[in-house]
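Structural features, examined
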Amino acid sequence: MQLSIRDIAQRVDAQVRGECERQIDDVAPLTEAGATHITFLESAKELKKVDQSAAGAILVTEELADRIPECEATLLIVGNPFTAFIQIMDVFRPARTQTAVGISPEAHVDPTARIASGTCIHPTACVGARAQIGENCLILPGAIIGEDVVIGNNCVIHPHAVLYPGVQLGERVIIHANAVIGADGFGYRFVAGKFERIPHRGTVIIENDVEIGACATVDRGMIGPTVIGQGTKLDNLVMIAHNCRIGRHNAFASQVGLAGSVTTGDYVRAGGQVGVADHITIGSQVSFGGKAGVITDVPSGETFHGIPAGPEKEEIRRVLTLRKAPQVFEQIKQLQKQVNALQAQLATLSNSDSESAAA
Amino acid sequence: MQLSIRDIAQRVDAQVRGECERQIDDVAPLTEAGATHITFLESAKELKKVDQSAAGAILVTEELADRIPECEATLLIVGNPFTAFIQIMDVFRPARTQTAVGISPEAHVDPTARIASGTCIHPTACVGARAQIGENCLILPGAIIGEDVVIGNNCVIHPHAVLYPGVQLGERVIIHANAVIGADGFGYRFVAGKFERIPHRGTVIIENDVEIGACATVDRGMIGPTVIGQGTKLDNLVMIAHNCRIGRHNAFASQVGLAGSVTTGDYVRAGGQVGVADHITIGSQVSFGGKAGVITDVPSGETFHGIPAGPEKEEIRRVLTLRKAPQVFEQIKQLQKQVNALQAQLATLSNSDSESAAA
Amino acid sequence: MQLSIRDIAQRVDAQVRGECERQIDDVAPLTEAGATHITFLESAKELKKVDQSAAGAILVTEELADRIPECEATLLIVGNPFTAFIQIMDVFRPARTQTAVGISPEAHVDPTARIASGTCIHPTACVGARAQIGENCLILPGAIIGEDVVIGNNCVIHPHAVLYPGVQLGERVIIHANAVIGADGFGYRFVAGKFERIPHRGTVIIENDVEIGACATVDRGMIGPTVIGQGTKLDNLVMIAHNCRIGRHNAFASQVGLAGSVTTGDYVRAGGQVGVADHITIGSQVSFGGKAGVITDVPSGETFHGIPAGPEKEEIRRVLTLRKAPQVFEQIKQLQKQVNALQAQLATLSNSDSESAAA
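None of the values given here were measured: they were computed from a predicted structure.

**Brief notes about the overall build of chain A**
Helix and strand content of chain A: 5 helices and 39 strands. By the compact-globule yardstick of 21 Å for 359 residues, chain A is too spread out, its C-alpha radius of gyration being 31 Å. A principal-axis box enclosing the C-alpha atoms of chain A has dimensions of 115 × 80 × 30 Å. Restricting to contacts in chain A with at least 6 residues of sequence separation, those with at least 24 account for 18%. Accessible area of chain A: about 14,400 Å², with a carbon and sulfur share of 50%. Placing the 30 positive and 39 negative side-chain charges of chain A at their respective mean positions leaves the two points 6 Å apart.

Put into structure tokens, the structure is as follows:
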């Protein structure tokens, strides 16, 4: 597919600086773009890369455009270059359209399951007894929809994702490949020298617009449900343990792990590999730096870093301070020597003083 | 389903304080329970929550019951409220009974595999050549039982769990969804600028009563087996590398990772995200705090925390001490000034002394 | 199977010290070997274990052989005991030969997919529209080959590994069970209080001779591809986020996580649970200690440890220094007291001096 820069400018309502008739056939990142590619400038930091780019066209704000020296690329001035770029990417690389396979005869669908219209169940997917699946869902190959699972409209369950029996999904939920929702929580009683499983008869409730990454796991609650709040996004390999109540619009990067019965407010963000101890309560609008180890409750609005995690400012101060430790500890040695010398000097002085007094 | 409190009291041998005829229809956590729910009081810490609870009935010890002020809920006095609660949960929410599907015609079972009586193989599960599966096992949809795998009686293999060829499971083993047992260990020789795979011809032996979490991985040994000892429980996303020998009744929380050839004794516990370096030997009754980074052998009975991990007391002291570093380092600056001042003062004094002596 | 030590010696070109006619029937690790087993001595550190070994034969270098005291085992002197051992292991425990199932009628292969000769597609595997698979590949049960995926010759895709649409694999690539390649990157725009998915229309390119562990995840790029360079090995549960460009012959141990847009050179090694922040650039021949938290670019040739990660020497010095903190902080208290005493003493002395001067 090819579009002239003029065509593209019309689509994103851009003002053009430079050659208009050039043909564009794909999108590309700034430093990898060639003469037939369109790219975008995200921030002033990237201004220096424009020189190295062979891009045919660059989406850019007016302010940044004025700071680009004479260049080969045609500039398309827009209010939000990233948004415009995504719009154009959608033209050159449209989203895949899944063939509507309906309910594949090679899927394994229990006769008591209820599947609403427009939903596709792919080969080797399994839908258990009494499961209910809403409209226009995509149940991809090998996805397992356990007994009594309820899935809302417009959900996508990627290959081999496993929903244990009784799990409930809202609308527009996306579960990526090999994620596991609703396995039994890691709860045991220690009886007579053995771990005895505590039965887990709660479930998992996943609210509207949640997306869960590949190989992530969300365990079922013991009595009540484990809840993932509306709009929350979990990256690959994230672990949410039994009885957690995750608020709305949280975003947890890869390999984050929450132990049992953690509660979070809304708009909580966690960098990769963050760990939160069990029964911790986290407010809203909280951020955790990567690898933070959270062992205390965190009030709303805080940014915590470190192991154990504390307020960002304190943690940064701590890290910077501790970097100086080798020099400081050396300084202390010197101080000790100076003090010892002073003591000796003073002792001599006192003596001579006494002597002179005695003289 | 409904039961009167009188009925419930009989089932768990409880002494009743309060209304006996009230009907109960479900279990619930203390703070979420309503008038037709029964809940339990786990410890004195929860006494203050009783007020906020609308529970119809509360299982509680005699000691704690005496400390609860006048309340709406009927109290059921028992020796162990948690045990009694689980008993009652089993009544209101019985464990799912899997339909006995036998060997599904939609499963893929090699004709040379031997399946004992009472075992169900669900659709899309695969059982390889010469595999042996004991009695009353549940092989759920998509589970992969590799060639020559041996599985004891009463095991549950959840959807899409993968047992590589030759893996051996004892009795009553539970493998959760998408766990992978017996992949090749991460062992390579570096030859002529490339990593060359070291063949792994050992296996994995999983002893009786082990439970392995969703998306956990246990790699096969190179020569001998990787062993998971009897009664050990691994949470989701745990990694056990090649040649590890895990003792009996260990419990590792989510995202724990053991590098190759680690040996543990019995009753070892690890919090989430603990990492253990290769070839480390850990005694029995050892505990690791969450996120600990273990790079030395650990004797029996120890509790280790921190990165690198050390004895709990030292680690707590270290953390508390280091928190003071900014103030202490400030204090050192002041000390240095004081010492400098002292030196100057003393120099003056010596001089004046010499002068006065000379006078 | 049985071989005499004489036979074995011939196969690995070994010089024999001791009994030649003894029959050997298996390989074993040094400390677990019995009278009919052959084992090997890896280094001088293991010399003291020879006594405890009941091995029938030991592969060993001449140098180490001279340091072994009189023993029951026959010694086979070779240049490289480990290489010789692997050669013999291959005799007693040959690699599994997969039955050539061809394209199983129980696999789900789209009619537009192109499968080259010698490739086997096992039952319940799915191959999407327009996928191309090279020669002599093994697509094991339940593996998902998405639409438009391209796979080179001699690849192995283990059970339930999922290749999302459009992913590209070179030759001799091994993908272990339940790994997920090509899921959408964790990229959202925050618009009007909600996370809005950023479409990811890039792909994943996996070059020749890469091996990817069980339950590892490699996300697709947003515009360009995420790349795993030739010969690189990823262990189980590793996460490579969108837009990363991993160089050649890297080796990342289990549970390593790279955030988005990380670039690495060649021969980079990371211990378990290392985390790298987004947009970091790492040179070639870089090593990271286990659990390192990398938040700065790292030049070629460096070894980094710690959280945040720094040069190994500095980090070791830092750790050793900080261990002394409790004592040092105690010392500072003493120093302060000494300084206070000196000040008091000096004040007295000054006074008496003034007095004596006044006298």
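**Some words on the relation of the copies chain B and chain C**
Laying chain B over chain C is done by rotating through 120° and shifting 0.0 Å along the axis; what remains is an RMSD of 0.1 Å. Taken together, the rotation and translation describe the operation of a three-fold axis.

**Some details on the sheet that holds strand E19 (residues 174-175) of chain A**
Residue and element names in this part refer to chain A. Here 11 strands make up an open sheet; going across it, the order is E10-E13-E16-E19-E24-E27-E30-E33-E36-E38-E39 and the pairing mixed. Lying at the two open borders of the sheet, with one neighbouring strand each, are strand E10 (120-121) and strand E39 (310-311). Of the strand pairs in this sheet, strand E27 (residues 233-234) and strand E30 (residues 251-252) are connected by 2 bridges, and their pairing is parallel. For Lys-233, the partnering residue across the bridge sits in E30 and is Ala-251.

**Observations regarding the domain arrangement of chain A**
In many analyses, interface size is given as the accessible surface area lost on bringing the parts together. Entries for chain A in the domain assignment read domain 1 (3-92) and domain 2 (108-314). Each of domain 1 of chain A and domain 2 of chain A has a C-alpha centre, and these two points are 39 Å apart.

**Comments concerning the packing of aromatic side chains**
Geometrically, a pair of aromatic rings is defined through the distance of the ring centres and the angle of the planes. Tallying each qualifying case throughout the model produces 21 aromatic pairs over all chains. For the ring pair Phe-40 of chain B and Phe-82 of chain B, a centre distance of 5.5 Å and an interplane angle of 50° mean the geometry is tilted. Here the residue Phe-40 of chain B occupies a position in strand E5 (residues 37-40), and Phe-82 of chain B occupies one in helix H3 (residues 81-92), the gap between them amounting to 42 residues. With a centroid separation of 6.2 Å and an interplanar angle of 70°, the aromatic rings of Tyr-188 of chain B and Phe-195 of chain B are classed as edge-to-face. This pair shows no difference in class: Tyr-188 of chain B is buried, exactly as Phe-195 of chain B is. An aromatic cluster is built from Phe-186, Tyr-188, Phe-190 and Phe-195 of chain A together with Tyr-267 of chain B, whose rings are joined through pairwise contacts. When the ring centre of Phe-190 of chain C is taken as origin, the NZ or CZ atom of Arg-269 of chain A, which lies over that ring, is 5.1 Å away.

**As for the environment of Gly-265 of chain C**
All names here are of chain C. Topologically, Gly-265 is positioned in the loop between strand E32 (263-264) and strand E33 (269-270). Residue class for Gly-265 comes out buried when judged on its relative accessible area of 16%. Separated by 36 residues in the primary sequence, Gly-265 and Gly-229 have C-alpha atoms spaced 9.2 Å apart. Once you skip the residues sitting within four places of it in the chain, Gly-265 turns out to touch Gly-247, Arg-248, Asn-250, Ile-282, Gly-283 and Ser-284.

**Considering the pattern of salt bridges**
By the definition in use, this model includes 54 salt bridges over all chains. For Lys-333 of chain A, the salt bridge identified is with Glu-330 of chain A, shortest N-O distance 3.8 Å. Linking Lys-333 of chain A with Glu-330 of chain A, this pair stays in helix H5 (residues 325-358), spanning 3 residues, or about one helical turn. The partner of Glu-72 of chain B in a salt bridge is Arg-22 of chain B, and the shortest N-O contact between them spans 3.9 Å. Of this pair, Glu-72 of chain B sits in the loop between helix H2 (62-65) and strand E7 (74-77) while Arg-22 of chain B sits in the loop between strand E2 (15-17) and strand E3 (23-24), placing them 50 residues apart in sequence.

**Notes on the interface of chain B and chain C**
Facing 70 residues of chain B, the contacting portion of chain C comprises 64 residues. In this assembly, chain B packs against chain C so that about 5,200 Å² is buried in total across both faces, 65% of it on carbon and sulfur atoms. Summed over the three residues of chain B that lose the most area to chain C, namely Phe-195, Arg-201 and Ile-223 of chain B, the buried surface amounts to 15% of that side. One can count 5 salt bridges joining chain B with chain C. One salt bridge connects Arg-96 of chain C with Asp-148 of chain B, and the closest N-O pair in it is separated by 2.8 Å.

**As for the interface of chain A and chain C**
The interface of chain A with chain C comprises 64 residues on the first partner and 70 residues on the second. A buried area of about 5,200 Å², summed over both sides, lies between chain A and chain C, and 65% of it is on carbon and sulfur atoms. Summed over the three residues of chain A that lose the most area to chain C, namely Arg-96, Phe-329 and Leu-346 of chain A, the buried surface amounts to 11% of that side. For the pair chain A and chain C, the interface holds 5 salt bridges. Put simply, Glu-211 of chain A and Arg-197 of chain C hold a salt bridge, and the shortest N to O gap is 3.1 Å. Viewed at the interface, chain C and chain A are joined by 28 residue pairs in polar contact (both at pLDDT 80 or more). Secondary structure elements with two or more residues in the side of chain A that touches chain C: helix H3 (81-92), E27, E30, helix H4 (312-323) and H5 of chain A. Counting residues per element, the side of chain A that touches chain C draws most heavily on H5 of chain A, at 13 residues.

**Quick notes on the pairing of strand E6 (residues 57-60) of chain B**
Residues and elements named next belong to chain B. The alternating pattern of E6 places Ala-57 and Leu-59 on one face and Ile-58 and Val-60 on the opposite face, and all of these are buried. In the sheet, E5 pairs with E6 via 3 bridges, with the strands oriented parallel. Residue pairing for E6: Thr-39 is matched across the bridge by Ile-58. Relative to E7, E6 is paired through 4 bridges, and the arrangement is parallel. Each bridged residue has a counterpart across the sheet, and for Val-60 the counterpart in E7 is Ile-77.

**Details of the side chain of His-242 of chain C**
All names here are of chain C. Secondary-structure assignment places His-242 in the loop between strand E28 (239-240) and strand E29 (245-246). The class of His-242 is buried, set by a relative accessible area of 15%. There is a polar contact of 2.7 Å between the side chain of His-242 and the side chain of His-200. Setting aside residues up to four positions removed in sequence, His-242 forms contacts with Gly-185, Phe-186, Gly-187, His-200, Asp-219, Arg-220, Gly-221, Thr-226, Gly-260 and Ser-261.

**Considering the environment of Gly-221 of chain B**
Secondary-structure assignment places Gly-221 of chain B in the loop between strand E25 (217-219) and strand E26 (226-228). With residues near it in sequence (within four places) discarded, Gly-221 of chain B still touches His-200, Arg-201, Gly-202, Thr-203, Thr-226, His-242 and Asn-243 of chain B.

**Description of the sheet that holds strand E13 (residues 138-139) of chain B**
With mixed pairing, 11 strands are arranged side by side in an open sheet as E10-E13-E16-E19-E24-E27-E30-E33-E36-E38-E39 (chain B). The open sheet terminates on both sides in strands that have one partner only, identified here as strand E10 (120-121) and strand E39 (310-311) of chain B.

**What about empty space enclosed by the protein?**
To find leftover empty space, one rolls a probe the size of a water molecule over the atoms. Taken as a whole, this structure holds 6 cavities of 30 Å³ or more when the rule is applied. Looking at the largest cavity, its volume works out to about 210 Å³. Across the lining of the largest cavity, the residue classes tally to 6 nonpolar, 6 polar and 3 charged.

**Concerning helix H4 (residues 312-323) of chain B**
All names here are of chain B. Counted at 1.5 Å a residue, the expected span for H4 with its 12 residues is 16 Å, and the 17 Å between its end C-alpha atoms agrees. Turning to H4, its buried residues number three or more, namely Glu-315, Val-319, Thr-321 and Leu-322. All buried residues of H4 project into a common sector of 165° when viewed along the axis, lining one side.

**Some details on unusual backbone geometry**
Look at the link from Ile-307 of chain B to Pro-308 of chain B: it is a cis peptide, with omega at -10°. Along the chain, Pro-308 of chain B falls in the loop between strand E38 (303-305) and E39. The backbone phi angle of Asn-243 of chain A is positive, close to 75°, even though this residue is not glycine. Position of Asn-243 of chain A relative to the elements: it lies in the loop between strand E28 (239-240) and strand E29 (245-246). The exposure class assigned to Asn-243 of chain A is partly exposed, which follows from its relative accessible area of 23%. For Asp-148 of chain B, which is not glycine, the phi dihedral falls at a positive 65°. Looking at where Asp-148 of chain B falls in the secondary structure, it is placed in the loop between strand E14 (144-145) and strand E15 (150-151). Classification of Asp-148 of chain B as partly exposed rests on a relative accessible area of 24%.

**Some thoughts on the environment of Lys-48 of chain A**
Residue and element names in this part refer to chain A. Within the secondary structure layout, Lys-48 lies in the loop between strand E5 (37-40) and strand E6 (57-60). Given a relative accessible area of 64%, Lys-48 falls into the exposed group. It is 46 Å that separates the C-alpha atoms of Lys-48 and Asn-136, two residues lying 88 residues apart in sequence. Within the structure, Lys-48 has its side chain in polar contact with the backbone oxygen of Lys-45 (distance 3.3 Å).

**With respect to the pairing of strand E21 (residues 188-191) of chain A**
All names here are of chain A. As paired strands, E21 and strand E22 (residues 194-197) are joined by 4 bridges and run antiparallel to one another. In the strand pairing of E22, Arg-189 is matched with Glu-196. Counted between consecutive antiparallel strands, the loop separating E21 from E22 contains 2 residues, among which Ala-192 sits at a positive phi close to 50°.

Analysis parameters
Residues numbered from 1 in each chain as written. Chains lettered and ligands numbered in written order. Predicted model: local features only at pLDDT ≥ 70, side-chain atom pairs only at ≥ 80, totals over all residues. Heavy atoms only, no water. Helix = DSSP H or I, 4+ residues; strand = E, 2+ residues; numbered from the N terminus. Rg over C-alpha atoms; globule rule 2.2 N^0.38 Å. Contact = heavy atoms within 4.5 Å. Areas by Shrake-Rupley, 256 points an atom, 1.4 Å probe, with all protein chains shown as cover. Lys, Arg positive; Asp, Glu negative; His and termini not counted. Charge placed at Lys NZ, Arg CZ, Asp CG, Glu CD. Least-squares fit on C-alpha atoms with pLDDT ≥ 70 in both. Pairing = 2+ DSSP bridges. Domains from an automatic or database assignment. Phe/Tyr/Trp six-rings, centres within 6.5 Å; stacked < 30°, edge-to-face > 60°. Buried < 20%, exposed > 50% of the residue type's maximum accessible area, 1.4 Å probe, protein only. Lys NZ or Arg CZ within 6 Å of the ring centre and 35° of its normal. Salt bridge = Lys/Arg side-chain N within 4 Å of Asp/Glu carboxyl O. Buried area = accessible area lost by both parts, 1.4 Å probe. Polar contact = N/O pair within 3.5 Å; in protein donor to acceptor, adjacent residues only side chain to side chain. 1 Å grid on protein atoms, 1.4 Å probe; cavity = no way out; pocket = protein on both sides within 12 Å on 5 of 7 lines; lining within 4 Å. Points joined across faces, edges and corners; volume = space filled by probe spheres on them. Nonpolar A, V, L, I, M, F, W, Y, C, P; charged D, E, K, R; others polar. Expected span 1.5 Å × (residues − 1). Arc of directions from axis to C-beta.

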